[in-house]
Amino acid sequence: MSAQLALDVRNLSVSFPMRGRDADGRRRRLLAVDDVSFSVARGKTLGIVGESGSGKTTAAMAVARLVPKMAGSIIIDGTDFGALDTEALRRARQRVQIIFQDPYSSLNPRLRAADIVREPLIYAGATSRTEQDRIIDELFEAVGLRPEQKALFPHQFSGGQRQRIGIARALSTRPSLIICDEPVSALDVAVQAQILNLLKSLQAQFGLTYLFISHDLGVVQHMCDDIAVMYMGQFMEYANRESFFAAPRHPYSEALLDAVPTIEVGAQATGGKLVDGAIPDLTKPQTGCRFASRCPHVAAGCEDSVPLLDVWPGTSDHQLACYRAAEFAAS
Amino acid sequence: MASAERSTPRVTEELVATAQHPAREMLTMFVGNRAAMVASIILMAIVLAAIFGPMLHPVDPFEMVWAPFTPPGQDGFVLGTDYLGRDMLAALLNGGRVSLTIGLVAALMSVFIGISFGALAGFYRGVVEEILMRITEFFQVLPTLLFSMVIVALFGASLEVVTIAIGIVSWTAVARITRAEFLRIRELEYVTASRAAGASNITLITRVILPNALPPIIVQAALMVGSAILFEAGLAFLGLSDPNVVSWGQIIGSNRPYILDASFTVTIPGLAIFVTVLSISLIGDGLNDALNPKLRAR
């Protein structure tokens, strides 16, 4: 089982130090990611959705070992990536690459397109210059850029083309895992579709594994095999795509789906129960369900202890973190 | 896959045609700046005069060659003679060599110290930043002229000590600029991308962030050559410079008592300093405009 997993994350927690101390005199910390576990099979895509500040990007950056302090284990292709440090970590970094959100700040303005793609190969070592040139040619072709564009600088490309360079860079070391951190949310809609289709065709071509971060459920539905819904540092729901979109049952997931704008006449009148209420303060320990303060179905007991992910009755792997899941299943 | 992916590149053919290296774009911008170009030509003339002048006019600037206070143009002395009857032209050419060298070396030195402090502070943050920036602030609040006078007084008025003294008191601006640029750039995604690709901290500092932080540092360095020349002139005027070499400031300082009798002995080296520093400032301004992408878009 674990041999086919490109990524297996267990009990990942990330917290950031804050200014000031709490009542016990300890340094205040913001718990951005609280004990989440997930895995991605090789060649598959896991989508993590959630609103701004839900911790989805932090979780992904922790997987790439780009946040300073974290707890939990990160197994990539059977090796314990989470336990590596300094030199060993630096050498292993080529196994996980990132496609960034903003194609304007993610490319070094002083490097030519070809050298941007070459950079990871140089750090990884072990390839000769001619070998690198061959890989670069191949990748430029694969992402739909022309050979003569290799000598251009980032500012001479459009947003979509820049994102293609970013994708080629992420592919250059043939990583075991590619983290796509909102790869299309900075692009306009027509270009979004091109880039998403490119990501899909590259996945088929090279057998890539994606960890796909997004707030856009439409994009996630198009791209992902499994979907995890994150809220305030924890997973609320974790299911495969069919099961999730057939019946998202966590109140937060429903709220997310309701928030997707539609063009149907009258749709807004019936649906669209916009959730209000305050979000919890993550610098304090959580005593109950994080969504309780905003949940339309909140009941007695929801705020007393933290609900854990549990398989939804009647499915094999559709997990929910909600005390009232059984009631929803019955209805 | 090709058909869908190839829908964009029509535009790029024009892009390829107009493709320009950023450095060349910068040069075009700089050449278009008339003040900076004129200043460059003047400065180049001054530098050439300082390098080759003493060879073409091989007169010892310390030797008494004629009657004191010979006005410029008289008796074959283009710029006249000073209070000891020494050739002013020889003094000016030799002094230019010294002043420019001190300016350049002191500026390089303060750029080196400033970049080291600023880069480490901006990159590592935390305790390192606290310590380095407190040291920077310490040097910043010291009265610069007084401090450099103390150094020269303690270690003797040789050319090296004067240069070092100027370098030591003027690096703080570079440190602050470098730190600010590092703080900005280290958060950009391409730095994260390089780190995720396996770049070491040293690579990140020297190969990824520093090249992108350089433009404002270059401008500051150019301006600093000018201020170092001024500073040296100030020290020399106060008599705190190497008595065995001529510099522009030293000419002014030694002829100071005779400013009313033979004002040209003070005015000529003063003009030399003025023109040189002004040219350097204008070049610095031109560099600033050329290196600043926001202005370039206009």
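Residues numbered from 1 in each chain as written. Chains lettered and ligands numbered in written order. Predicted model: local features only at pLDDT ≥ 70, side-chain atom pairs only at ≥ 80, totals over all residues. Heavy atoms only, no water.

1. Some details on the overall build of chain A
Moving on, step 1. Within chain A, the regular secondary structure consists of 11 helices and 12 strands.
Moving on, step 2. For 331 residues, the compact-globule estimate of 2.2 N^0.38 gives 20 Å, and chain A sits close to it at 21 Å.
Moving on, step 3. Dimensions of chain A, computed from C-alpha atoms along their principal axes, come out at roughly 65 × 55 × 40 Å.
Moving on, step 4. Long-range contacts, defined as pairs at least 24 residues apart, comprise 63% of the intrachain contacts of chain A with a sequence gap of at least 6.
Moving on, step 5. Summing over all exposed atoms, chain A offers an accessible surface of approximately 14700 Å²; the carbon and sulfur share of this is 53%.
Moving on, step 6. Averaging the positions of the 35 positive and the 37 negative side-chain charges in chain A gives two centres separated by 7 Å. (Helix = DSSP H or I, 4+ residues; strand = E, 2+ residues; numbered from the N terminus. Rg over C-alpha atoms; globule rule 2.2 N^0.38 Å. Contact = heavy atoms within 4.5 Å. Areas by Shrake-Rupley, 256 points an atom, 1.4 Å probe, with all protein chains shown as cover. Lys, Arg positive; Asp, Glu negative; His and termini not counted. Charge placed at Lys NZ, Arg CZ, Asp CG, Glu CD.)

2. Some words on the interface of chain A and chain B
Moving on, step 1. Contact residues are listed per partner, giving 38 residues for chain A and 32 residues for chain B.
Moving on, step 2. For the chain A and chain B pair, buried surface summed over both sides reaches about 3000 Å², with 56% attributable to carbon and sulfur atoms.
Moving on, step 3. Here chain A is connected to chain B by zero salt bridges.
Moving on, step 4. Taken together, the elements giving at least two residues each to the side of chain A that touches chain B come down to β6 (96–99), α3 (113–124), α4 (129–143), α5 (159–171) and α6 (189–206) of chain A.
Moving on, step 5. At four residues, the largest contribution of residues to the side of chain A that touches chain B is made by α6 of chain A.
Moving on, step 6. Here the side of chain A that touches chain B is built from residues that sort into 13 nonpolar, 14 polar and 11 charged. (Buried area = accessible area lost by both parts, 1.4 Å probe. Salt bridge = Lys/Arg side-chain N within 4 Å of Asp/Glu carboxyl O. Nonpolar A, V, L, I, M, F, W, Y, C, P; charged D, E, K, R; others polar.)

3. Let's talk about the nonpolar core
Residues and elements named next belong to chain B.
Moving on, step 1. If you look at the biggest cluster of nonpolar residues, it comprises 57 residues, and the most contacted ones within it are Phe182 and Leu287.
Moving on, step 2. Where this core is concerned, the elements lending two or more residues are α3 (22–31), α4 (34–56), α5 (88–124), α9 (172–185), α10 (189–196), α11 (201–237), α12 (248–255) and α13 (264–291).
Moving on, step 3. When residues in this core are grouped by element, the largest group, 14 residues, is from α11.
Moving on, step 4. The contacts of phenylalanine 182, once residues within four sequence positions are left out, are Ala119, Gly122, Phe123, Ile205, Ile209, Leu210 and Ala213. (Core = buried A, V, L, I, M, F, W, Y, C linked by side-chain atoms within 4.5 Å. Buried < 20%, exposed > 50% of the residue type's maximum accessible area, 1.4 Å probe, protein only.)

4. Focus on empty space enclosed by the protein
All names here are of chain A.
Moving on, step 1. This model, assessed by the stated rule, comprises two cavities of 30 Å³ or more.
Moving on, step 2. Space inside the largest cavity adds up to approximately 90 Å³.
Moving on, step 3. In terms of lining, the largest cavity is formed by 13 residues, of which the most central are Pro251, Cys289, Cys295, Cys302 and Cys322.
Moving on, step 4. Partitioned by chemical class, the residues of the lining of the largest cavity number 10 nonpolar, two polar and one charged. (1 Å grid on protein atoms, 1.4 Å probe; cavity = no way out; pocket = protein on both sides within 12 Å on 5 of 7 lines; lining within 4 Å. Points joined across faces, edges and corners; volume = space filled by probe spheres on them.)

5. Examining the sheet that holds strand β10 (residues 234–240) of chain A
Residues and elements named next belong to chain A.
Moving on, step 1. With respect to topology, eight strands assemble into an open sheet ordered β6-β7-β8-β3-β9-β10-β12-β11, the strand pairing being mixed. Edge positions in the sheet fall to β6 and β11 (310–311), since each of these pairs with one other strand and no more.
Moving on, step 2. Of the pairings in the sheet, the one linking strand β7 (residues 177–181) to strand β8 (residues 210–214) comprises four bridges and is parallel in character. Across the sheet, residue aspartate 181 finds its bridge partner in β8, namely isoleucine 213.
Moving on, step 3. Seen against the sheet, α6 touches β3 (45–49), β6 and β8 and runs at an angle of roughly 165 degrees to β8. (Pairing = 2+ DSSP bridges. Axes fitted to C-alpha atoms, helices over the stretch in contact; angles between N-to-C directions.)

6. Digging into the sheet that holds strand β5 (residues 79–80) of chain A
Residues and elements named next belong to chain A.
Moving on, step 1. Taken together, the four strands give an open sheet; going across it, the order is β2-β1-β4-β5, and neighbouring strands pair in antiparallel fashion. Both edges of this open sheet fall to β2 (27–41) and β5, since each of them pairs with a single strand only.
Moving on, step 2. The sheet contact formed by strand β1 (residues 5–21) and strand β4 (residues 70–76) spans six bridges and is antiparallel. Looking across to β4, one finds that leucine 7 is bridged to isoleucine 76.
Moving on, step 3. Sitting on the sheet, helix α1 (residues 56–63) is in contact with β1, β2 and β4, with an inclination near 115 degrees to β1.

7. Here's the deal with α10 of chain B
Moving on, step 1. A large share of α10 of chain B lies buried, amounting to seven of its eight residues.
Moving on, step 2. Three or more residues of α10 of chain B are buried, namely Glu189, Tyr190, Val191, Thr192, Ala193, Ser194 and Ala196 of chain B.
Moving on, step 3. Packing partners of the buried residues in α10 of chain B comprise β6, α3 and α5 of chain A together with α9 and α11 of chain B.

8. A few points about the confidence of the model for chain B
The predicted coordinates ought not to be read in detail in places where the model reports low pLDDT.
Residue and element names in this part refer to chain B.
Moving on, step 1. Put simply, chain B has an average pLDDT of 84, and 90% of its residues get 70 or more.
Moving on, step 2. Ranking the elements of chain B by mean pLDDT puts helix α1 (residues 2–5) last with 43 and α9 first with 94.
Moving on, step 3. In this model, residues 1–17 is a region of pLDDT below 50 whose contacts with residues beyond four sequence positions or in other chains number 21 contacts.
Moving on, step 4. The ipTM assigned to the predicted complex is 0.86, against a pTM of 0.83. (pLDDT = per-residue confidence, 0-100.)

9. Describing the domain arrangement of chain A
Reports often express the size of an interface as the amount of accessible area lost when the parts come together.
Residues and elements named next belong to chain A.
Moving on, step 1. Split by domain assignment, chain A resolves into domain 1 (2–104 + 112–231) and domain 2 (250–331).
Moving on, step 2. Computed over C-alpha atoms, the centres of domain 1 and domain 2 are 28 Å apart.
Moving on, step 3. With 12 residues of domain 1 at the contact, the number on the domain 2 side is 12 residues.
Moving on, step 4. For the domain 1 and domain 2 pair, buried surface summed over both sides reaches about 1100 Å², with 59% attributable to carbon and sulfur atoms.
Moving on, step 5. On the domain 1 side of the interface with domain 2, the three residues burying the most area are Leu217, Val229 and Tyr231, jointly 50% of the side's total.
Moving on, step 6. Linking glutamate 51 and arginine 294 is a salt bridge whose minimum nitrogen-to-oxygen distance equals 3.3 Å.
Moving on, step 7. Applying the counting rule to domain 1 against domain 2 returns four residue pairs in polar contact (both at pLDDT 80 or more).
Moving on, step 8. Sorting the residues of the side of domain 1 that touches domain 2 by element identifies β2 and β9 (226–231) as the ones contributing at least two each.
Moving on, step 9. Counted by class, the side of domain 1 that touches domain 2 contains seven nonpolar, one polar and four charged residues. (Domains from an automatic or database assignment. Polar contact = N/O pair within 3.5 Å; in protein donor to acceptor, adjacent residues only side chain to side chain.)

10. Some words on the pairing of β4 of chain A
Within a regular strand, the side chains alternate between the two sheet faces.
Moving on, step 1. With two bridges connecting them, β4 of chain A and β5 of chain A associate as antiparallel partners. Paired with isoleucine 76 of chain A across the two strands is threonine 79 of chain A, which belongs to β5 of chain A.

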